[in-house]
Amino acid sequence: MPGPGRATDEGAAALDAYSRIVISVAEAVTPRVAALQVPRRGRGGWFSTALGSAVVFTEDGFLLTNAHVVGHADAGTLAFGDGTTAPFHTIGTDPLSDLAVLRADGATPPPVRLGEATALRVGQLVVAVGNPLGLAGTVTAGVVSALGRSLPARAGSAVRVIDDVIQTDAALNPGNSGGALTTADGEVVGITTAVAGNGLGLAVPINATSRQIIAALLAEGRIRRAYLGLAGVPAPLPPALRRRTGQQAGLRIVEVVPHAPAARAGLRQGDLLLTAAGEPMSTAQSLQRLMLADAIGRPLPLTVLRGDALVDVIATPTELHADD
């Protein structure tokens, strides 16, 4: 058996390896994360300043942050850890994904490397880099404590769910919103978005959906979303249908908005939505992923279970507006 001295040495070596990882990520990512100061107009005409973080993600000075940090502001000020400051202007915000794109009106450091959140595993080491309370270069480390979490988001009366949110126990503080969540090799896999409480933080993942949103914000400054006008909850398929299709659950329709595309297609409360565009629909998020700009005005084939019968319908989504 190893003596206590050897165990101590092994523990010190492991801790040293952990420290080296965090230090290397901090050195690589901290210079690329800015502190934001965003002016806000309050009631009565007075102004306040919101604080947050933003991450440089292109060579020509575009930054990612949270929509809730920017709010309705068209411009603000950013500061990097080396003391460099510059004004920025807002390119576009999307409250329903809590993402925003900014552009610095001045020189910026080289961009971070964007990774892929779908490759994350529970228990994996992650490092959060941000500017809580405007303190540049604050770094915390922890693990991915859960994946697939959901976070409600609102724009006007429209409410959607940000899906596949990353949950971490890396400490996040006020002002961390808009900062970077990275893997051990320094790739940014999430934009930290909220303090969940009880030592937990959340981050919007960098994945295929968020890349589409970022690309649309860069190109058009806004996100166009498709609208069906239904609400549903997950529900299990009948055993015989599970065996036949291999699909375990569908989306039980609990509300159909009158005169909306779903109603015009003949969908009814109580229908069990099985597929949309040939893809299994087992959660509200699986349907939301299809409701981006390219679905607007295009016929969308849907299959529902109504009683004991499979019913195929075609719905044509319209564009989502804030009052939908």
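Overview of the structure. Not measured: the values here are computed from a predicted model. (Residues numbered from 1 in each chain as written. Predicted model: local features only at pLDDT ≥ 70, side-chain atom pairs only at ≥ 80, totals over all residues. Heavy atoms only, no water.)

### Thoughts on the overall build of the protein
In plain terms, the rule: Strands here mean DSSP runs of E at least two residues long; helices mean DSSP runs of H or I at least four residues long; both are numbered from the N terminus. Burial here depends on accessible area, computed with a 1.4 Å probe over protein chains only, as a share of the maximum for the residue type. Under 20% is buried, over 50% is exposed, and the range in between is partly exposed. Residue contacts follow a heavy-atom distance rule, with two residues in contact if any of their heavy atoms lie within 4.5 Å. Using a 1.4 Å probe, the Shrake-Rupley method yields the accessible areas, and only the shown protein chains count as cover for residues.
Each helix and strand counted, the protein has six helices and 21 strands in total. Burial statistics for the protein: of 324 residues in total, 46% are counted as buried. Partitioning the contacts of the protein with sequence separation of at least 6, the portion at a separation of at least 24 is 60%. Split by element, the accessible area of the protein, about 15300 Å² in all, is 55% carbon and sulfur.

### Overview of the nonpolar core
Rules: Only buried Ala, Val, Leu, Ile, Met, Phe, Trp, Tyr and Cys residues count toward a nonpolar core, and they belong to the same one when joined by side-chain atoms within 4.5 Å.
Membership of the largest hydrophobic core comes to 27 residues, with the highest contact counts inside it found for Val-29, Leu-64, Val-101 and Ile-191. Not counting chain neighbours up to four residues away, the residues in contact with Val-29 comprise Val-112, Val-129, Ala-180, Thr-182 and Gly-186. In this structure, Ile-253, Leu-273, Ile-296 and Val-313 belong to the second largest nonpolar core, which totals 22 residues.

### Considerations on the environment of Leu-172
Inspection of the secondary structure assignment puts Leu-172 in the loop between β10 (158-168) and β11 (180-182). Classification of Leu-172 by relative accessible area gives buried; the value is 10%. Note: C-alpha distance between Leu-172 and Val-129 (43 residues apart in sequence) is 9.1 Å.

### As for the pairing of strand β4 (residues 75-79)
So the rule is basically this: When DSSP finds at least two bridges between two strands, those strands are taken to pair.
Judged by which residues are buried, β4 turns out to be one-sided: Gly-76 and Leu-78 face inward and are buried, whereas Ala-75, Thr-77 and Ala-79, on the alternate face, are not. Direction of pairing for strand β1 (residues 33-41) relative to β4: antiparallel, over a ladder of three bridges. Bridging across to β4, Gln-37 finds its partner in Thr-77. Alignment of β4 against strand β5 (residues 85-94), held across five bridges, turns out to be antiparallel. Bridging from a neighbouring strand, Thr-77 pairs with Pro-87 of β5.

### Regarding the side chain of Asp-94
Its location among the elements puts Asp-94 in strand β5. Judged by its relative accessible area of 4%, Asp-94 falls in the buried class. With residues up to four places along the chain from it excluded, the contact list for Asp-94 reads Ala-67, Leu-99, Ile-213, Leu-217, Ile-223 and Arg-225.

### Some details on unusual backbone geometry
Of note in the backbone geometry, Asp-98 takes a positive phi value of approximately 55 degrees without being a glycine. Overall, the relative accessible area of 8% leaves Asp-98 in the buried class. In this model, His-259 sits at a positive phi of 70 degrees, which is unusual for a non-glycine residue. When you line up the elements, His-259 lands in the loop between β16 (249-256) and α5 (261-264). Taking the relative accessible area as the measure of exposure, His-259 reaches 69% and is therefore exposed.

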